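One-letter residues, chain by chain:
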Amino acid sequence: MDHAQVEVVQAGLPGGPPAARRDLPGPAAPIGPAPGRWARFLDGDFWHSFRGSPMAIGSAAVALACIFCAVFAGVVAPHNPTDLATLELSDSMLPPSWMEGGAAKYLLGTDEQGRDVLSALMYGARISLFVGGASVLLSMLIGVSLGLVSGYVGGRLDALIMRICDVMLSFPSILIALLIAGVGHALFPGAHDTLAFGVLIIAIALPGWVQYARAVRGSTMVERHKEYVQAARVIGVPPLRIMMKHVLPNVMGPVLVLSTIQVATAILAEATLSFLGVGVSPTSPSLGTFINEGNKQLFSGAWWLVIFPGTMLVLIALSINLFGDWLRDALNPRLR
Amino acid sequence: MKRIFSAALVASTLALAAASVQAVTLRVSNQGDVQSMDPHSLNESLQLSFTGNVYESLIERDKKMGLAPALATKWTQTSPTVWRFDLRPGVKFHDGTPFTADDVVFTFKRAAGDGSDMKGYTNPIKEVRKVGDLAIEIETTAPYPILPDTLTTLAMMSKKWCEDNKAEKPVDRRKGIENTASFKANGTGPFRLKERQPSVRTVLVKNFSWWGGKTESNLDEIVFTPIGNDSTRVAALLSGETDVMEPVPLQDVERIKSAGSFTVLQGPELRTIFLGMDQKRDELLFSSVKGKNPFKDVRVRRAFFQAIDEETIKSRVMRGAALPTAEMVGAAVRGFQPDMNKRLPYDVEAAKKLLAEAGYPNGFEVTMNCPNDRYVNDSAICQAVAANLARIGVKINLQAETKVSYFPKILRRDTSFYLLGWTPSTVDAHDVLASIMATPNDKGQGTFNLGAYSNPKLDELTLKIQSETDQKKRNDMIREAFKIHQDDVGHIPLHQQALAWAHSDKVSLVQLPNNYMYFKWITLKSK
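Residues numbered from 1 in each chain as written. Chains lettered and ligands numbered in written order. Predicted model: local features only at pLDDT ≥ 70, side-chain atom pairs only at ≥ 80, totals over all residues.

### Details of the overall build of chain A
The cut-off we apply is this: Only runs of H or I of at least four residues qualify as helices and only runs of E of at least two qualify as strands under DSSP, and these elements are numbered from the N terminus. Residues with at least 20 other C-beta atoms within 10 Å of their own are called buried, those with 12 or fewer are called exposed, and the rest are partly exposed. The C-beta atoms themselves are positioned from the backbone.
Helix and strand counts for chain A come out as 14 helices and 0 strands. The buried share of chain A, taken over its 336 residues, is 43%.

The following block contains the structure:
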């Protein structure tokens with residue numbers, strides 16, 4: 001009756017992922033000469049759907065370009081804005097090179113410390129993407145597992161986990177982040193850069209997992225009572241495997257949407273924490289701190305300090321969002 | 001029926017309009033919030049400036065920074081160490097209790113006691129005696145010629161009110177605690193505290209029973225709002241949401257001027273911005289150097305000084321609105337030595353050489369603490385300093401943060417290298433010597449000498465300067481003390497920042513060089 005259940009139960013049959021096949025008792029159905037993974041991927045629904053969606057291609061291209069620039073900032077960027085010794089204060093506040101007073105070596109102009117805006121954007125995006133991505137992954141990991149367990153097991157454990165969620169939600173997330181970052185800094189006073197990143201990621205991730213846990217729990221509770229889950233139970237599949245292999249793919253839709261939104265939120269949270277003094281140092285500005293600094297110049301006509309970093313953030317957030325949107329549809333068995 | 005209704009509507013609208021015409025509200029915004037309503041808990045300009053509208057001291061500053069009688073009508077020196085003050089009769093606190101000599105005695109005890117940040121000012125005072133209901137005598141430990149200047153910063157509080165509210169002691173800002181006096185106020189000033197929401201808004205209303213009678217101000221109400229973001233603060237002024245704001249972000253001065261109907265007031269400020277270094281600990285708290293403290297070596301301090309390109313900081317970061325200085329006081333302060341105001345030359349090579357001589361040919365790593373919402377472009381100055389120091393191999397881990405967390409941290413001396421600004425509230429060099437340069441002790445010396453720079457000769461001179469009455473001798477001693485501090489590079493002075501306030505043309509006000517804003521001198525045209 002319900003398409004979704006049929007689909008997932010079928011996933012255990014030949015043609016589905018090999019891991020799922022092992023769950024089924026009895027000999028596996030014979031298959032012909034197995035095409036390579038890559039070939040199967042290219043032939044699959046996923047790739048077809050991707051190729052058929054200009055939005056997906058466009059957003060993936062933009063996101064990849066941003067990620068490429070960020071990851072290879074050291075190679076691509078014309079200057080190294082984090083190397084303080086190379087900064088020329090006398091080159092500060094130059095407009096973009098095509099404007100009057102601009103210098104050719106600073107394509108998008110410079111900020112008030114004489115940093116090349118283009119290079120600073122690439123380096124900044126690296127920090128932002130790293131912090132945003134890592135904290136979203138971490139909070140997704142915690143949130144999804146707790147949500148799955150909570151929704152699947154139910155009962156007291158569910159109540160406990162949900163009450164913890166309520167408590168977490170009753171504090172503003174930036175407050176929790178501040179607390180963690182403050183404690184982290186107090187515990188490791190001399191620590192900088194590397195450890196600061198760790199603290200920052202945890203600080204942003206911890207308040208974030210609640211969203212995932214709640215969303216996943218809700219969907220899991222719905223899925224739990226469906227026939228395909230009961231069928232799996234009846235044939236003796238262990239609960240952990242049911243959760244991971246059968247329930248999880250059906251509840252990932254909202255999680256993917258959430259996480260794409262959360263990446264942007266995490267980037268902004270990082271900027272807030274940095275401003276409050278518990279994030280990254282202003283000498284290695286992230287995209288968020290850069291926007292924050294540029295924001296101060298809004299009225300003075302130095303538009304390049306606001307527009308470029310802002311555009312960069314919008315591009316990253318929007319492309320990830322759009323890509324996530326498509327991914328949700330592509331991975332959603334109900335829509336296939 | 002309909003007509004009656006509309007008539008009533010018109011009448012009520014008129015009544016409302018009339019009421020709003022009557023209440024003149026001035027909306028002021030600042031970069032940060034006043035930390036506490038307690039006038040003794042933090043010796044900081046904004047704090048003293050704002051509470052100075054609610055609380056008053058025995059003597060106040062007039063519009064030209066001269067001394068003027070306030071709660072004391074008359075003062076005379078009866079012997080070299082004894083001063084007599086006649087108190088103003090008929091003064092009432094906002095809660096109605098009369099102001100008497102008991103309150104003055106109590107205030108001095110409070111300001112000298114635990115938790116007070118004003119000990120530096122009460123330190124030279126031996127005893128405060130009540131000699132009548134409206135007269136007191138102050139005896140100093142040694143002759144103290146600048147006592148009246150000092151008294152301008154000590155706000156009088158009500159003994160009864162403090163006792164009733166268990167606020168007999170100011171709370172120590174360093175420990176981040178609060179008491180009733182932190183968020184309520186009961187002064188004698190021309191304005192009363194009506195509402196206090198930390199970091200959101202603070203509202204003062206006119207005190208109709210002020211002893212000064214009618215003020216030249218026509219304000220009924222002042223709404224003070226901290227707006228941290230520079231652009232937002234400028235936007236609030238330009239859109240008419242606020243009437244006065246300070247400080248004006250330097251990058252926006254032209255923008256505000258060109259908007260018409262607004263005035264930017266720029267003047268040299270008394271405040272000196274400088275860098276301090278931890279010279280006390282045997283090992284720095286936050287540095288790559290272990291087992292020793294590089295800042296104990298004068299060559300390292302001198303190398304830091306010479307590596308900083310203050311002229312470029314002035315022209316770029318400060319957009320010209322700063323006076324680079326070699327002294328810890330500005331030209332307007334008594335004791336400033338014009339001929340000694342020569343900075344060590346900016347010389348990267350010389351700085352590198354000094355560092356190498358001191359045993360750090362490859363530099364070292366140290367954490368720098370910096371506020372990002374206290375002084376004009378403070379965080380940008382620190383970044384520029386960090387970039388300068390990178391050229392001599394010193395790697396700065398810059399930690400810039402909001403002043404709410406910055407000040408408690410550095411006041412606990414939890415820092416190795418920091419930026420601070422200091423306005424001598426007595427407008428006299430002794431204030432800087434005693435608060436910033438003298439060796440810290442529990443008698444109120446060196447309260448803001450956060451790196452604990454110490455030179456016994458300077459301490460000795462500071463004590464002498466405090467009691468010297470001969471102006472010539474006094475000035476010579478100040479010279480000597482400043483020379484010692486310069487030779488030791490006890491601190492690295494950077495510049496005196498320019499004051500910048502902006503207000504709409506409806507407002508007329510008086511800007512004092514110590515950056516105090518007294519609402520009693522502000523008028524707001526109703527148009």
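Now that the structure has been shown, we can carry on.
### A few points about the overall build of chain B
Stated precisely, the cut-off is as follows: In this description, any two residues whose backbone-derived C-beta atoms lie within 7 Å of each other are considered to be in contact.
Helix and strand content of chain B: 17 helices and 19 strands. Projecting the C-alpha coordinates of chain B onto the three principal axes gives extents of approximately 95 × 60 × 40 Å. Evaluated residue by residue, chain B yields a buried proportion of 52% over its 527 residues. Intrachain contacts of chain B at a sequence separation of at least 6 include 70% that bridge at least 24 residues.

### What to know about the environment of Tyr 518 of chain B
All names here are of chain B. Mapped onto the elements of the fold, Tyr 518 is located in the loop between strand S18 (507–508) and strand S19 (523–524). Through-space distance from the C-alpha of Tyr 518 to that of Ala 135 is 27 Å; in sequence the pair is 383 residues apart. Other than its neighbours up to four places away in sequence, Tyr 518 contacts Gly 52, Asn 53 and Val 510.

### Looking at the confidence of the model for chain B
Residues and elements named next belong to chain B. Just so we agree on the cut-off: In predicted models, pLDDT denotes the confidence assigned by the predictor to each residue on a 0 to 100 scale.
Averaged over all residues, the pLDDT of chain B is 90; the fraction at 70 or higher stands at 95%. Across residues 15–20, confidence stays below pLDDT 50; counting only partners more than four residues off in sequence or on other chains, it has 0 contacts. Reported for the predicted complex are a pTM of 0.79 and an ipTM of 0.72.

### Let's talk about unusual backbone geometry
All names here are of chain B. Here the amide bond leading from Glu 246 into Pro 247 is cis, since omega sits at -5°, within 30 degrees of zero. With respect to the helices and strands, Pro 247 occurs in the loop between strand S11 (244–246) and helix H9 (253–258). Of note, Ser 199 is a non-glycine position whose phi angle comes to about 65°, a positive value. By the element assignment, Ser 199 lies in the loop between strand S8 (191–197) and strand S9 (201–206). Ser 199 gets classed as partly exposed once you count the C-beta atoms within 10 Å, which come to 13. For Asn 515, which is not a glycine, the phi torsion comes out positive at approximately 70°. Relative to the helices and strands, Asn 515 resides in the loop between S18 and S19. Taking the number of C-beta atoms within 10 Å as the measure of exposure, Asn 515 has 21 and is therefore buried.

### Details of the sheet that holds strand S4 (residues 72–79) of chain B
Residue and element names in this part refer to chain B. Rules: A pair of strands is treated as paired once DSSP finds two or more bridges between them. In this description, a line fitted to the C-alpha atoms serves as the axis of each element, helices being fitted only across the stretch in contact, and the angle between N-to-C directions of two axes falls anywhere from 0 to 180 degrees.
Taken in spatial order, the 4 strands make up an open sheet running S4-S5-S7-S6, and their pairing is antiparallel. Unpaired on one side and paired on the other, S4 and strand S6 (125–132) mark the two borders of the sheet. The sheet shows a mean angle of 20° between the axes of neighbouring strands, direction not considered. Two elements, strand S5 (residues 82–87) and strand S7 (residues 135–140), share 5 bridges in a ladder whose sense is antiparallel. When the bridges of S7 are listed, Val 82 appears paired with Glu 139. Along the sheet, helix H3 (residues 101–112) makes contact with S5, S6 and S7, crossing S6 at roughly 170°.

### Comments concerning the interface of chain B and chain A
The interface is formed by 29 residues belonging to chain B together with 22 residues belonging to chain A. Counting residues per element, the side of chain B that touches chain A draws most heavily on helix H13 (residues 378–390) of chain B, which supplies 7 residues.

### Quick look at the environment of Pro 96 of chain A
Residue and element names in this part refer to chain A. Within the secondary structure, Pro 96 is located in the loop between helix H6 (73–76) and helix H7 (117–153). Taking the C-beta count within 10 Å as the criterion, Pro 96 has 19 such neighbours and is therefore assigned partly exposed. Not counting the four nearest positions on each side in its chain, Pro 96 is found in contact with Gly 102, Leu 107, Leu 108, Gly 109 and Trp 304.

### Some points on H7 of chain A
Residue and element names in this part refer to chain A. The criterion, for reference: Expected span of a helix, by definition, is 1.5 Å for each gap between consecutive residues, and there is one gap fewer than residues.
In a regular helix each residue adds 1.5 Å, so 37 residues correspond to 54 Å; H7 covers 52 Å between its end C-alpha atoms and thus fits that length. With 28 of 37 residues buried, H7 is to be regarded as a mostly interior element. Just downstream of H7, Gly 154 is the residue with a positive phi angle, here 70°.

### Structural notes on the nonpolar core
For the record, the criterion: A set of buried Ala, Val, Leu, Ile, Met, Phe, Trp, Tyr and Cys residues, joined through C-beta atoms within 7 Å, is what we mean by a nonpolar core.
Met 368, Ile 381, Cys 382 and Ala 386 of chain B are the most contacted members of the largest nonpolar core, which has 144 residues in total. For this core, the element with the highest residue contribution is H13 of chain B, accounting for 8 residues. Once residues within four sequence positions are removed from consideration, Ala 386 of chain B is found in contact with Leu 84 and Thr 283 of chain A together with Met 368, Ile 396 and Leu 398 of chain B. Grouped together as the second largest cluster of nonpolar side chains are 77 residues, Val 216, Val 229, Met 252 and Phe 290 of chain A included.

### Concerning the pairing of strand S15 (residues 395–401) of chain B
All names here are of chain B. The cut-off we apply is this: Look down the strands so they point away from you; if the path from the first strand over the helix to the second goes clockwise, the crossover is right-handed.
With 6 of 7 residues buried, S15 is to be regarded as a mostly interior element. Alignment of strand S14 (residues 365–371) against S15, held across 7 bridges, turns out to be parallel. Counterpart to Met 368 in the pairing with S15 is Leu 398. Traced from S14 through H13 to S15, the parallel crossover comes out right-handed.

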